[in-house]
Amino acid sequence: MPKLDFPDDFVWGTATAAYQVEGAGHEGGRSECIWDTFSRVPGAVYGGENGDIACDQYHHYREDIALMAELGFKSYRFSIAWPRVIPSGTGKVNPEGIAYYRTLCEELHRNGIKACATIYHWDLPQILQDRGGWADRSVVEAFTEYAGVCFAELGDCVDRWITINEPFCIAYLGYYYGVHAPGIRNIDQALRAVHHVNLAHGSAVRAYRKTGLKAPIGITWNPSTPRPATRNEADKKAALTARALETEVFIYPVLGKGYPEIVTGDLGLSFPVQSGDLEIIAQPIDFIGVNYYNESPVAFDGKAPLTYSSKPSWQDTSEMGWPTVPQGLKRQLVWIQEVSGGIPMYITENGYAGDDKVDAEGRVHDRERIRYLRKHLELCGDLIKEGINLKGYYAWSFADNFEWAYGYTKRFGIVYVDYATQKRYPKDSAYFFRDVIAGYGEW
Ligand code: FCB
């Protein structure tokens with residue numbers, strides 16, 4: 001039996017996010033988002049680069065979709081830019097913004113590709129950051145309003161909805177480690193952001209159910225379920241603390257389990273929960289999106305503010321310095337299936353940053369990426385056979401793009417982008433993925 005053998009109804013696609021691929025930063029009525037501001041902070045983004053042009057998908061979407069169709073991809077996960085749809089954060093809707101996403105969905109459908117829309121992938125309108133961003137409770141109402149506009153205006157052409165991408169990165173990278181926009185380093189604000197992101201998600205799902213729309217709706221997490229660095233009790237406890245702080249604070253409330261004891265009891269941290277919030281967060285969802293790239297062992301660290309730190313591991317690393325650990329994905333899916341009682345799961349991102357070069361024939365021989373994808377896909381195939389309720393897989397990313405604080409230095413695409421000409425070159429991994437989807441990936 002070939003390893004890369006998947007059920008016929010398995011969903012195959014590629015993923016991107018608006019700020020990373022769209023460009024047209026100052027066109028179509030789009031306002032500024034927190035990444036426009038952050039990329040102007042000296043030293044915040046590699047080389048001071050930004051998403052003004054990116055891979056200019058705003059103007060190249062037709063050819064990108066044609067390429068997806070040619071390669072046999074079945075679904076496209078893109079994100080809707082809040083600053084394009086409601087430039088002032090709340091209030092007036094920008095018809096040009098809506099028109100862009102409607103045309104994108106129509107073009108996908110014309111090519112037999114399903115539209116999977118993420119409502120928020122990190123491009124908060126700057127005007128809302130000026131009011132405190134995710135650390136301020138008013139963002140919940142603003143997000144619910146924005147999500148409501150997406151449902152009303154695009155509900156007839158979106159096939160799958162993801163409310164929010166990677167709450168961990170929004171709250172912790174943005175408000176605690178300060179390496180993502182808005183670049184704040186404050187644990188109280190980070191915990192406030194955790195709660196407001198959770199609440200915004202629940203509130204949007206509640207609004208969605210009232211619309212009567214039928215497309216599935218869920219959320220995408222980047223869970224971390226790390227292994228302890230040693231068998232010591234302290235390290236085992238550290239791994240559980242890491243899982244609680246980085247993952248359970250998001251997953252548990254959505255599953256109706258409230259905030260984890262390790263965080264609220266042992267660590268004595270608190271969230272700004274008001275009466276009724278936990279019920280709003282715990283709206284039933286139709287699926288869970290999982291983004292997975294890597295995993296590092298975790299050890300107790302008395303000096304670290306949160307009592308644990310990651311240890312280097314011996315595995316091969318990508319250009320990001322991320323170790324390749326497919327077993328980490330298995331740990332996650334098994335654990336999520338257990339805590340969620342079997343809610344369908346989709347891998348909404350998985351991929352590899354490589355040192356890619358186009359050769360004289362216009363080919364990119366990205367063997368390392370193929371090896372990475374193959375290992376993770378084989379594991380997915382096995383897990384499905386073992387009863388894990390995994391329903392789809394989106395490769396990150398369709399094309400090279402703006403990799404946040406790393407600017408354009410990291411290439412995650414299965415399609416290469418020459419940023420000077422905007423020419424696209426499918427890498428060998430794109431053909432590998434095409435063949436896996438078609439069902440003859442082993443040969
Ligand atoms: C994830 C993000 C995505 C991309 C990949 C490499 O954390 O969701 O936008 O940058 O990492």
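Fair warning: this is a prediction, and the values are worked out from it, not measured in the lab.

Undergrad: A description of the site of the ligand should follow, citing residues and the corresponding values.
TA: Taken together, the neighbourhood of the ligand is formed by Gln20, His121, Trp122, Asn165, Glu166, Asn291, Tyr293, Glu349, Trp396, Glu403, Trp404 and Phe412. Taking Gln20, its side chain carries an N or O atom lying 2.7 Å from an oxygen atom of the ligand. Here an oxygen atom of the ligand sits 3.0 Å away from a polar atom, N or O, in the side chain of Asn165. Taking 300 Å² as the accessible area of the ligand by itself, protein coverage stands at 94%. The class makeup of the residues in the shell around the ligand is five nonpolar, four polar and three charged.

Undergrad: Outline the environment of Gly13, supporting the account with residue identities and numerical values.
TA: Topologically, Gly13 is positioned in strand β1 (residues 11-15). Judged by relative accessible area, which is 0%, Gly13 ranks as buried. Along the backbone, Gly13 and Gln332 are 319 residues apart, and their C-alpha atoms lie at a distance of 21 Å. In contact with Gly13, other than residues within four places in its own chain, are Ser75, Tyr393, Tyr394, Ala395 and Phe433.

Undergrad: Outline the sheet that holds strand β5 (residues 217-221), supporting the account with residue identities and numerical values.
TA: Taken together, the eight strands give a closed barrel; going around it, the order is β1-β2-β3-β4-β5-β6-β9-β10, and neighbouring strands pair in parallel fashion. Here the strands of the sheet are splayed against their neighbours by 25 degrees on average, with no regard to which way each runs. Where strand β6 (residues 287-291) meets strand β9 (residues 345-349), four bridges bridge the pair, whose relative direction is parallel. Residue pairing for β9: Gly289 is matched across the bridge by Tyr346. Relative to strand β10 (residues 390-396), helix α14 (residues 367-385) is tilted by about 175 degrees, and along the sheet it contacts β1, β9 and β10.

Undergrad: Quick rundown of the state of the cysteines? Include the residues and the values.
TA: In this structure the tally under the stated criterion is zero disulfides. In this structure Cys157 is not part of a disulfide, and its nearest cysteine sulfur, from Cys105, lies 3.9 Å away. The exposure class assigned to Cys157 is buried, which follows from its relative accessible area of 6%.

Undergrad: Quick rundown of the side chain of Asn222? Include the residues and the values.
TA: Structurally, Asn222 is set in the loop between β5 and α10 (233-254). According to the relative accessible area criterion, Asn222 is buried, its value standing at 17%. For Asn222, the residues in contact, after removing those within four places along its chain, are Glu166, Phe168, Cys169 and Asn291.

Undergrad: Just give me the short version of the pairing of β10, but keep the residues and values in it.
TA: Judged by how many residues are buried, β10 sits mostly within the fold: six of seven residues are covered. As paired strands, β1 and β10 are joined by five bridges and run parallel to one another. Residue Val11 lies in a different strand from β10, and its bridge partner there is Gly392. As paired strands, β9 and β10 are joined by three bridges and run parallel to one another. Along β10, the bridge assignment pairs Tyr346 with Gly392. Note that the unit made of β9, α14 and β10 has a crossover that is right-handed.

Undergrad: Give me the lowdown on the packing of helix α8 (residues 167-175) against helix α9 (residues 187-211), citing residues and values where you can.
TA: Relative to each other, α8 and α9 sit at 160 degrees, their axes nearing to 8 Å. The pairing of α8 with α9 is recorded here as roughly antiparallel in orientation. Here the hand of the crossing between α8 and α9 comes out right-handed. Listed contacts from α9 to Pro167, Ile170, Ala171, Tyr172 and Tyr175 of α8 are Gln189, Ala190, Leu191, Ala193, Val194 and Val197. Residue composition of the contact of α8 with α9, grouped by class: ten nonpolar, one polar and no charged.

Undergrad: Help me get a handle on the side chain of Gln126, residues and values and all.
TA: Take Gln126: it is sitting in helix α6 (residues 126-129). The exposure class assigned to Gln126 is buried, which follows from its relative accessible area of 17%. Other than its neighbours up to four places away in sequence, Gln126 contacts Glu32, Cys33, Ile34 and Thr37.

Undergrad: Any chance you could break down the packing of aromatic side chains for me, citing the residues and the numbers?
TA: Tallying each qualifying case throughout the model produces 42 aromatic pairs. When the centroid spacing of 4.8 Å and the interplanar angle of 65 degrees are considered together, the rings of Tyr408 and Tyr419 count as edge-to-face. You can see Tyr408 sitting in the loop between β10 and β11 (415-418) and its partner Tyr419 sitting in the loop between β11 and β12 (423-426), a full eleven residues away along the chain. The buried category is assigned to Tyr408, whose relative accessible area is 16%. Counting every residue linked through ring pairs, the aromatic cluster contains Tyr19, Trp35, Phe38, Trp122, Phe402, Trp404, Tyr408 and Tyr419. For the cation-ring pair, Arg160 lies above Phe287, with the distance from its terminal atom to the ring centre recorded as 4.8 Å. Just above the ring of Tyr346 sits the side chain of Arg160; from NZ or CZ to the centre is 4.2 Å.

Cut-offs used in this document
Position numbers for residues start from 1 in each chain and track the written sequence from start to end. Per-residue local features of the predicted model are confined to residues with pLDDT of at least 70, and side-chain atom pairs are confined, for both listing and counting, to 80 or more; whole-chain, interface and lining totals are unaffected and use all residues. Side-chain numbers come from the whole structure's heavy atoms, not from hydrogens or water. Residues are counted as near a molecule or strand when any one of their heavy atoms sits within 4 Å of it. Counted as a polar contact is a pair of N or O atoms within 3.5 Å, where, for protein atoms, one must be capable of donating a hydrogen and the other of accepting one, and residues adjacent in sequence contribute only when both atoms are in side chains. The protein chains shown are the only cover counted for residues, whose accessible areas, like all others here, come from Shrake-Rupley with a 1.4 Å probe. Each residue is assigned to one class: nonpolar for Ala, Val, Leu, Ile, Met, Phe, Trp, Tyr, Cys and Pro, charged for Asp, Glu, Lys and Arg, and polar for all the others, Gly among them. Numbered from the N terminus, helices here are DSSP runs of H or I no shorter than four residues, and strands are runs of E no shorter than two. The buried label goes to any residue with under 20% of its type's maximum accessible area, the exposed label to any with over 50%, and the partly exposed label to all in between, with areas taken from a 1.4 Å probe on protein chains only. Throughout, a contact is declared for two residues whenever any of their heavy atoms are within 4.5 Å. One requirement defines pairing of two strands: DSSP has to find at least two bridges between them. Under this scheme, a helix contributes an axis fitted over its contacting stretch, all axes are lines through C-alpha atoms, and angles between N-to-C directions fall in the 0 to 180 degree range. In this description, the term disulfide denotes a pair of cysteine sulfurs within 2.5 Å. Handedness rule for crossovers: strands pointing away from the viewer, path from the first strand over the helix to the second running clockwise, crossover right-handed. Reported orientations rely on four angle classes, namely roughly parallel under 35 degrees, roughly antiparallel over 145, roughly perpendicular from 65 to 115, and oblique for the rest. Left-handed describes a crossing whose near helix is turned anticlockwise from the far helix by less than a right angle; the clockwise case is right-handed. Think of it this way: a Phe, Tyr or Trp ring, Trp meaning its six-membered ring, pairs with another when their centres are within 6.5 Å, and the plane angle makes it stacked under 30 degrees, edge-to-face over 60, tilted otherwise. Charge over a ring is defined by NZ of Lys or CZ of Arg lying within 6 Å of the ring centre and within 35 degrees of the ring normal.

None of the figures reported here should be taken as evidence of function without further support.
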